[in-house]
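# Results of the structural survey
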Amino acid sequence: MNKEDKIVSSKSKSSSPLGKLEGATSSLVIINYGAGNIKSIQFAFKRLGVEAVLTNNPDEIIASDNVIFPGVGEASSAMKMLKESGLDQLIPTLKQPVLGICLGMQLMCNHTEEGDTKGLGIFNAEVKRFSNKVKVPQMGWNTISNLKSGLFKGIKDNEYMYLVHSYYAENCDESIATSDYELEYASALENDNFYGVQFHPEKSGKAGEQILKNFLNL
Amino acid sequence: MLTKRIVPCLDIKNGRTVKGVNFVDLRDAGDPVVLAKQYADLGADELVFLDIAATLENRKTMHDMVLKVAEQVNIPFTVGGGISSVEDVDDLLHCGADKVSINSSAVKRPELINELSDKFGSQCVVVAIDAKEVDGEWLVHLAGGTIPTNIKLFEWAKEVEERGAGEILFTSMNHDGTKAGFANKALAKLSDLVNIPIIASGGAGSIQHFVDTFKEGKADAALAASVFHFGEIPILELKEALKKQDIPVRL
């Protein structure tokens, strides 16, 4: 999908006054490949009144309106699990909005230093480890700035988000938000229908919930 | 900029908060879920739930509580108390806990830290260390600080970091309950020694104590219970005061 199509399609969607949140027919899946605490994400959507289905079934994933690609833990073992289920092939071909969270976002990049792991190559970014000049992992609330996406509609510059990570995506053309920890890095990425956030919107208070809501309305 | 975290700690027994809580007009101050939501709304950055009567019988009650908190609270929380195996942690994470805190079980079997960080990632493994300064030497204590060991605090801290802990929750038994300030010297030494975040615990009595523990104690987060539960220090007021002292906080 090129940028123009995207603008048109997002316009046509937002023309519905109720948006997707109210629509009974829209569906949301959280890809369940055995990585991390996905309950929190499911609960966060539940607080928004949206039931998310946990699944690793390709048909169910392809048929859904929105896809969450979560991930907590170690990159190479997460990638191994993705490969075992064939999801590494499926995810890059998805056409609906896909949101990678935390390790999910990192796995959507070209490569990560964690376990020297090749990523899905959806984002043209390298994932590197913070140096020991700072405490690793970065744990807590940091600001996001340089916001450039419909994903951040209604979110003010320098809003606080909750982050827990030892590796970061380098700032690049696809950055739609940046944060500072040791250096300026990409705390969110976008390429066509693919979105990735390093922070945990499901744990970032009301602002985080707004981002999840925005994602459903993309 | 990464901000310093303010962390209220709730003691839980049989799924209910133990110490009285009296800082806002709550219908049920004994309900940890109600309280957790309230704290999230008031600006707490994170919460810790400590199961102080962890027994096999009430494990299910704790799981139910964790599930309800995860359902309703939109900030991260840690669960501690009675966790001694990979299965225990698996259960709690499946109920929606973001992190778990282990203490005595890590001292008894340090490999547990490796097992947890390998399986779940170090980001969810908090090692709680209770220590007491005895004749100028900081020694690790067990069972809520009642049983002394001959393990040295700083050596243990280094070891838990190497084994994969993502964070250390350090409670000074000399300061806990005194309301006379945190153990800032030991905290600063810890913070310089290890490269993972340190949560300061024990001794909070005034806003100045928090300022000191972030500035002198170099803590990444500060945990307290009664000063928050009884409204002695409103969280918003605390954070505004910290900001005035150029300490980065989420406001």
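Residues numbered from 1 in each chain as written. Chains lettered and ligands numbered in written order. Predicted model: local features only at pLDDT ≥ 70, side-chain atom pairs only at ≥ 80, totals over all residues. Heavy atoms only, no water.

## Here's the deal with the packing of helix α3 (residues 39-47) of chain A against helix α2 (residues 59-72) of chain B
What counts, and what does not: Here an axis means a line fitted to C-alpha atoms, over the contact stretch when the element is a helix, while the angle between two N-to-C directions is reported on a 0 to 180 degree scale. Helix and strand assignments follow DSSP, with helices taken as H or I runs no shorter than four residues and strands as E runs no shorter than two, numbered in order from the N terminus. Roughly parallel here means an angle under 35 degrees, roughly antiparallel means over 145, roughly perpendicular means 65 to 115, and every remaining angle is called oblique. Contact definition: two residues touch when any of their heavy atoms are within 4.5 Å.
The geometry of α3(A) relative to α2(B) is characterised by a closest axis approach of 7 Å and an angle of 55° between their N-to-C directions. Relative to α2(B), the element α3(A) lies oblique. Counted together, Lys39(A), Phe43(A), Lys46(A) and Arg47(A) of α3(A) and Leu67(B), Ala70(B), Glu71(B) and Gln72(B) of α2(B) form the full contact between these two elements.

## Details of a nonpolar patch on the surface
Note the cut-off: Patches draw on residues past 30% relative accessible area with no salt bridge. Two like charges within 9 Å are joined, as are two nonpolar side chains (Val, Leu, Ile, Met, Phe, Trp, Tyr) within 5 Å. Accessible surface is estimated by sampling points in the Shrake-Rupley manner with a 1.4 Å probe; for residues, cover comes only from the protein chains shown. Should a side-chain nitrogen of Lys or Arg be within 4 Å of a carboxyl oxygen of Asp or Glu, the pair is scored as a salt bridge. Accessible area is worked out with a 1.4 Å probe on protein chains only. A residue is then buried under 20% of its type maximum, exposed over 50%, and partly exposed in between.
Taken together, the side chains of Val18(B), Leu50(B) and Ile52(B) present a nonpolar region at the surface, about 220 Å² in accessible area. Judged by relative accessible area, which is 46%, Ile52(B) ranks as partly exposed.

## Focus on the interface of chain A and chain B
Quick note on the threshold: When two parts are brought into contact, each loses some accessible area as probed by a 1.4 Å sphere; the total of that loss over both is the buried area. In the analysis that follows, any N or O atom pair within 3.5 Å is treated as a polar contact, provided that within protein one partner can donate a hydrogen and the other can accept it, and provided that, for residues neighboring in sequence, both atoms belong to side chains. Under the convention adopted here, Pro, Cys and the residues Ala, Val, Leu, Ile, Met, Phe, Trp and Tyr are nonpolar, Asp, Glu, Lys and Arg are charged, and Gly plus all remaining residues are polar.
The interface is formed by 30 residues belonging to chain A together with 39 residues belonging to chain B. Taken over both partners, the interface formed by chain A and chain B buries close to 2,600 Å², and the fraction arising from carbon and sulfur atoms is 52%. Looking only at chain A, the three residues that lose the most surface to chain B are Lys135(A), Met139(A) and Trp141(A), adding up to 30% of its buried area. Linking chain A to chain B there are four salt bridges. Our count for the contact surface shared by chain A and chain B stands at 20 residue pairs in polar contact (both at pLDDT 80 or more). For the side of chain A that touches chain B, the element with the highest residue contribution is strand β8 (residues 138-144) of chain A, accounting for six residues. Residue composition of the side of chain A that touches chain B, by class: eleven nonpolar, ten polar and nine charged.

## Some points on the pairing of strand β13 (residues 194-197) of chain A
Residues and elements named next belong to chain A. The following threshold applies: The pairing criterion for strands is at least two bridges between them, as found by DSSP.
Residues Phe194 and Gly196 point to one face of β13 and Tyr195 and Val197 to the other, with burial holding for every one of them. One ladder, built from four bridges, connects strand β4 (residues 98-101) with β13; its direction is parallel. Following the sheet pairing, Ile101 is matched in β13 by Val197. Where strand β12 (residues 183-191) lies against β13, four bridges are found, and the strand directions are antiparallel. Looking at β13, one finds that Asn191 is bridged to Phe194.

## Focus on the packing of aromatic side chains
What counts, and what does not: Within 6.5 Å between ring centres, the rings of Phe, Tyr and Trp (the latter by its six-membered ring) count as paired, and their orientation is classed by plane angle as stacked under 30 degrees, edge-to-face over 60, tilted in between. Only when the NZ of Lys or the CZ of Arg is both within 6 Å of the ring centre and within 35 degrees of the ring normal is a charge said to sit over the ring.
Throughout the structure, instances matching the rule amount to twelve aromatic pairs over all chains. Taking the centre distance of 6.4 Å and the plane angle of 75° together, the rings of Tyr195(A) and Phe215(A) count as edge-to-face. Here Tyr195(A) is found in strand β13, whereas its partner Phe215(A) is found in helix α8 (residues 205-216), with 20 residues between them in sequence. Summarising the burial analysis for this pair, Tyr195(A) and Phe215(A) share the class buried. Here the aromatic cluster, defined as three or more aromatic residues joined through ring pairs, consists of Phe130(A), Tyr168(A), Tyr181(A) and Tyr185(A). One cation-aromatic arrangement involves Arg129(A) over Tyr167(A); the distance from NZ or CZ to the ring centre is 6.0 Å. The ring of Phe154(B) has Lys189(B) lying over it, and the distance from NZ or CZ to the ring centre is 4.2 Å.

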